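Here is how the chains run, residue by residue.
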Amino acid sequence: MEMKKMAEFRVGRGHDGPARVGEYIMNDVAFETPILISPEISRANPLHYMTLGRDPTRQRPMISTIPFTMKLDELVKAEPNDSDSILLPSMISFSSLSADAGTLLLRHQIEFINSVKDTIDPSRLIIRVPENIDFEVFESYLHDFHSMGIRAAAFTFDGLLGSVDTESIHLRSALPASWLSTALGKITPSMVPFLFYTGFDIIDCGYSIEAAVTGTRLWRNDSERIEQGAFHRFCSCIHCVSFSDDSNSKLIETLQNHNLDVYNEILSESIHAMKNGRLRWLVESMTHVSPNHASLLRQVDKQSYSFLEEFTPTTGTDVVPLIGPESYNSPVVRRYREYLEARYTPPSGKRIVLLLPCSAKKPYSDSKSHRRFLETIESALGRTVGSVAQVILTSPLGVVPRELERIFPAANYDIPVTGDWDAEETELGAEALIHYLDKIDSESTVVAHVSGGYLGIVKSAESKVSQSIIYTTPETSATSWESRQALHETLVDLKNVLQLKDTPPRQLEEIVRATADFQFGSGAGDMLVPENAKLGGKPYRQIVCRIEKEQVCSFIASSGSISLTLNGAKLLAPLNRYWVRLDAPQVKGGSIFAVGIKKADSEIRPGDEVIILNNEEQVIAVGKSEMSGREMCELPRGRAVSIRHKMEG
Ligand SMILES: [Zn+2]
């Protein structure tokens, strides 16, 4: 008997939000994803969909669509190419009637799959997700589809960037990580980065044809009607340049080719941005195309935050541009604020909290203004300098304690530093400051050495904090000579009034403890850096932590993160976090692949330091995660962890 033809989706390496690269393999032909799809076959557009049975001459597999009314025997008869994938039928107008109709459509597909599964392998079928189905109902059906062998779904977009599109993205977030996801419908070029970012692997560019037929030339974030004798935008593309004939059919062909190039260009730009960790930035920059683009991102950030965050790396060395309000709740920013609130514990022994403005240069202590602040603080306090906690106010992260200034994204973000903050930024900053001061002894004194927008933050937090606040720079800029003089005098006064005792700085310890808490959860700092720990090194390069001469971890300044040794991992194991359970006694080789993983902590994000356990709960290795914990459990293949240290033997 002939082997049934299969389709397979393989997720590749790398992450930037839910966006991923991969391969969709139909029979033996592999298509690299993300990929555009359209019914256009006259040019080298890589992937096509078509109503079944129209073109029996073609060589390459494509995605066939079938009419709603098609029966099994008709399908089997009509199927011209047994390596095609088949998009299950849907009636869009029907599905938008009510949620019940959506459920009926899913049931119809289940019946259909059951009736064809002996003839067509379910891996080749792509389910159609009705656009208004309840999220929980859809999730429960997904379970059935998955156990039937379905691994692909298609979602509908109507081009209005409203509730249908938001809902489709939300429903897409329910898919298992191993599924292929397709976006169909009216999708303009400006939506391509957004759909790729939200995890779509195949994106419909059929609108390029529809637009061409109606005489519309598409641009990256605009469109233009082409009319005879009218003035048109200059285009240097090969199709427009060579077009001179004004016969109608040539015009449509020219526009079609031009339009398709625009889609291809923006998709290629999106893939490049993903590989450089700048896809979110590209998506944010496209929110300026129209108010609808902006509100769609805002809606999705709100509704699908956990989905976006789950696949967003926790490390990076590149600059993260945070430019407008779209950035305030981007996953890296919101996660920073949430981790700080939930995981951070301020160092003990602090009597003064000094609030400072941020600087354009990162980390802050490398900036001219912060070097001057540090000199002022040291000259005023001398040997009591260890009793001051320094906290930097910044937007949109909120607050950055000095000991965390090198972590991601605090060391990487880039904002316009004008000091003019809008109401939302001020509120986010004030909220972060309130949470921070909530963890500080209420007898401590807060010194606010800030002006302008920073001052606005402190003022709006003031009524909700228990400490008393002294302001040093009500009139001038915090960096001026006069205000640094004022800071100096204030600190000298406080030193005398509070009768500060000699408190040597414990910078190395504070950095490693705070970073460990931030990275592994609260409590980790005390476990890795107990009182008898010995620390050595430089904050701007590397800090090594030893307990009884055994190295447990090191802080790497360039990434602002902690790497564990096996001993360090053993110390942290009781926290029961960031673990990956391997289905083997030992780690072989330099990587762990998803296929060998039994279970993994769902809190793991790409880039996290993780602890590898075997079946007997022994720590057998440490490494850096390449995917999220959920992917480690759900993907059948792919590199999950790059090993740093492992047990030998
Ligand atoms: Zn052109």
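Scoring rules and cut-offs
- Position numbers for residues count from 1 along each chain, tracking the sequence in the order it is written.
- The model is predicted, so local features are restricted to residues of pLDDT at least 70 and side-chain atom pairs to those at 80 or more, both for listing and for counting; the totals for chains, interfaces and linings are taken over all residues.
- Strands are runs of DSSP state E lasting at least 2 residues, helices are runs of H or I lasting at least 4, and numbering of each runs from the N terminus.
- Atoms considered for the radius of gyration are the C-alpha atoms alone. The globule rule reads 2.2 Å times the number of residues to the power 0.38.
- Any residue with 12 or fewer other C-beta atoms within 10 Å of its own C-beta is exposed, any with 20 or more is buried, and the rest are partly exposed; the C-beta atoms used are placed from the backbone.
- Two residues form a contact once the distance between their C-beta atoms, set from the backbone, is within 7 Å.
- DSSP-based pairing: two strands are paired if at least 2 bridges between them are found.
- Interaxial angle, 0 to 180 degrees, is taken between N-to-C directions of lines fitted to C-alpha atoms, where a helix line uses only the stretch in contact.
- Joining buried Ala, Val, Leu, Ile, Met, Phe, Trp, Tyr and Cys residues through C-beta atoms within 7 Å gives a set, and that set is a nonpolar core.
- Note that the domain bounds reflect an automated or database-derived domain assignment.
- Here the expected span of a helix is defined as 1.5 Å times the quantity of residues minus one.
- Three classes are used: nonpolar for Ala, Val, Leu, Ile, Met, Phe, Trp, Tyr, Cys and Pro, charged for Asp, Glu, Lys and Arg, and polar for all others, with Gly counted as polar.
- Comment on the angle field: the value is read as roughly parallel under 35 degrees, roughly antiparallel over 145, roughly perpendicular from 65 to 115, and oblique elsewhere.
- Left-handed describes a crossing whose near helix is turned anticlockwise from the far helix through less than a right angle; right-handed describes the clockwise counterpart.
- Seen with its strands pointing away from the viewer, a crossover is right-handed if its path from the first strand over the helix to the second goes clockwise.

**Notes on the overall build of the protein chain**
Turning to step 1, where the next piece is worked out: Assigned secondary structure in the protein chain consists of 21 helices and 30 strands.
Turning to step 2, where the next piece is worked out: Taken against the 2.2 N^0.38 rule, which gives 26 Å for 649 residues, the C-alpha radius of gyration of the protein chain at 29 Å falls within 12% of a compact globule.
Turning to step 3, where the next piece is worked out: In terms of principal-axis extent, the alpha carbons of the protein chain reach across some 90 × 70 × 45 Å.
Turning to step 4, where the next piece is worked out: In the protein chain, which comprises 649 residues, the share counted as buried stands at 47%.
Turning to step 5, where the next piece is worked out: Within the protein chain, counting contacts between residues at least 6 apart in sequence, those at least 24 apart form 66% of the total.

**So, the sheet that holds strand S24 (residues 561-564)**
Turning to step 1, where the next piece is worked out: Spatially, S21-S22-S23-S24 is the arrangement adopted by the four strands of the open sheet, whose pairing is antiparallel. The strands lining the two open edges of the sheet, one partner per strand, are strand S21 (534-538) and S24. When the angles between neighbouring strand axes are averaged without regard to direction, this sheet yields 20 degrees.
Turning to step 2, where the next piece is worked out: As paired strands, strand S22 (residues 542-547) and strand S23 (residues 550-556) are joined by six bridges and run antiparallel to one another. Looking at the pairing, Gln 542 lines up with Ile 556 of S23.
Turning to step 3, where the next piece is worked out: Here helix H18 (residues 507-520) sits on the sheet and contacts S21, S22, S23 and S24; the angle it forms with S24, its principal contact strand, is near 85 degrees.

**Some words on helix H16 (residues 452-462)**
Turning to step 1, where the next piece is worked out: Among the residues of H16, those classed as buried are Tyr 454, Leu 455, Gly 456, Ile 457, Val 458 and Ala 461.
Turning to step 2, where the next piece is worked out: Elements that come into contact with the buried residues of H16 comprise strand S15 (352-357), strand S16 (388-394), helix H15 (423-438), strand S19 (445-448) and strand S20 (468-471).

**Focus: unusual backbone geometry**
Turning to step 1, where the next piece is worked out: The omega torsion across Ser 395 and Pro 396 is -5 degrees, close enough to zero to call that bond cis.
Turning to step 2, where the next piece is worked out: Cis geometry is found at the peptide bond from Phe 408 to Pro 409, where omega equals 0 degrees.
Turning to step 3, where the next piece is worked out: By the element assignment, Pro 409 lies in the loop between strand S17 (398-401) and strand S18 (413-414).
Turning to step 4, where the next piece is worked out: At Lys 549, a position not held by glycine, the phi torsion is positive, near 70 degrees.
Turning to step 5, where the next piece is worked out: One can find Lys 549 in the loop between S22 and S23.

**Let's talk about the sheet that holds S20**
Turning to step 1, where the next piece is worked out: Strands sit in the order S17-S16-S15-S19-S20 across an open sheet of five strands; the sheet is mixed. Looking at which strands have only one partner, the edges of the open sheet turn out to be S17 and S20. With direction set aside, neighbouring strand axes in the sheet form an average angle of 30 degrees.
Turning to step 2, where the next piece is worked out: Taken together, the six bridges between S15 and S16 define a ladder with parallel strand orientation. Each bridged residue has a counterpart across the sheet, and for Pro 357 the counterpart in S16 is Leu 393.

**Overview of the nonpolar core**
Turning to step 1, where the next piece is worked out: Grouped together as the largest cluster of nonpolar side chains are 100 residues, with contacts concentrated most on Leu 355 and Ile 612.
Turning to step 2, where the next piece is worked out: Sort the elements by how many residues they give to this core and H18 lands first, with seven residues.
Turning to step 3, where the next piece is worked out: Residue-level mapping places this core at the junction of two domains, with at least three residues from each of domain 2 (344-497) and domain 3 (522-646).
Turning to step 4, where the next piece is worked out: Judged by nonpolar contacts, the second largest core, of 72 residues, contains Ile 63, Phe 145, Leu 195 and Leu 282.

**Section: H18**
Turning to step 1, where the next piece is worked out: With 14 residues, H18 extends 20 Å between its outermost C-alpha atoms, agreeing within 8% with the 20 Å of an ideal straight helix rising 1.5 Å per residue.
Turning to step 2, where the next piece is worked out: For H18, the tally of buried residues reaches 12 of 14 residues, placing the bulk of the element in the interior.
Turning to step 3, where the next piece is worked out: Taken as a whole, H18 has its buried residues at Leu 508, Glu 510, Ile 511, Val 512, Arg 513, Ala 514, Thr 515, Ala 516, Asp 517, Phe 518, Gln 519 and Phe 520.
Turning to step 4, where the next piece is worked out: In the stretch just after H18, Gly 521 is the one whose phi turns positive, near 105 degrees.

**Focus on the pairing of strand S13 (residues 222-225)**
Turning to step 1, where the next piece is worked out: Bridging between strand S12 (residues 216-219) and S13 involves four bridges; their strand directions are antiparallel. Each residue of the ladder has a partner; that of Arg 217, found in S13, is Glu 224.
Turning to step 2, where the next piece is worked out: Counting the residues between successive antiparallel strands, the hairpin from S12 to S13 contains two residues.

**Points about the domain arrangement of the protein chain**
Turning to step 1, where the next piece is worked out: Per the domain assignment, the segments of the protein chain are domain 1 (7-301), domain 2 (344-497) and domain 3 (522-646).
Turning to step 2, where the next piece is worked out: Computed over C-alpha atoms only, the centres of domain 2 and domain 3 are separated by 33 Å.
Turning to step 3, where the next piece is worked out: Across the contact, five residues belong to domain 2 and four residues belong to domain 3.
Turning to step 4, where the next piece is worked out: For the side of domain 2 that touches domain 3, the class distribution of residues is three nonpolar, one polar and one charged.

**Focus on the environment of Ala 594**
Turning to step 1, where the next piece is worked out: Mapping Ala 594 onto the fold places it in the loop between strand S26 (591-593) and strand S27 (597-600).
Turning to step 2, where the next piece is worked out: Between the C-alpha atoms of Ala 594 and Leu 255, which are 339 residues apart in sequence, the distance is 45 Å.
Turning to step 3, where the next piece is worked out: Not counting chain neighbours up to four residues away, the residues in contact with Ala 594 comprise Glu 631, Met 632, Leu 635, Pro 636, Arg 637, Gly 638 and Ala 640.

**Thoughts on the packing of H15 against H16**
Turning to step 1, where the next piece is worked out: As a packed pair, H15 and H16 sit with axes 8 Å apart at the nearest point and diverge in direction by 55 degrees. Between H15 and H16, the angle is such that the two are oblique. Here H15 and H16 pass one another in a crossing that is right-handed. Contacts from Thr 426, Gly 429, Ala 430, Leu 433 and Ile 434 of H15 reach H16 at Gly 453, Gly 456, Ile 457, Val 458, Ser 460 and Ala 461.

**Let's talk about the pairing of S20**
Turning to step 1, where the next piece is worked out: Across four bridges, the pairing between S19 and S20 is parallel. Each bridged residue has a counterpart across the sheet, and for Val 447 the counterpart in S20 is Ile 470.
Turning to step 2, where the next piece is worked out: Where the polypeptide runs from S19 across H16 and back to S20, its parallel neighbour, the crossover connection is right-handed.

**Section: the environment of Ser 242**
Turning to step 1, where the next piece is worked out: You can see Ser 242 is positioned in helix H8 (residues 238-242).
Turning to step 2, where the next piece is worked out: Spatially, the C-alpha atom of Ser 242 lies 47 Å from that of Leu 105, the residues being 137 residues apart in sequence.

**Some points on the packing of helix H5 (residues 163-172) against helix H11 (residues 291-303)**
Turning to step 1, where the next piece is worked out: Put simply, H5 and H11 touch, their axes get as near as 10 Å, and they point 35 degrees apart. The interaxial crossing formed by H5 with H11 has right-handed handedness. Across the interface between the two elements, Asp 165, Thr 166, Ile 169 and His 170 from H5 touch Leu 296, Gln 299, Val 300 and Gln 303 from H11.

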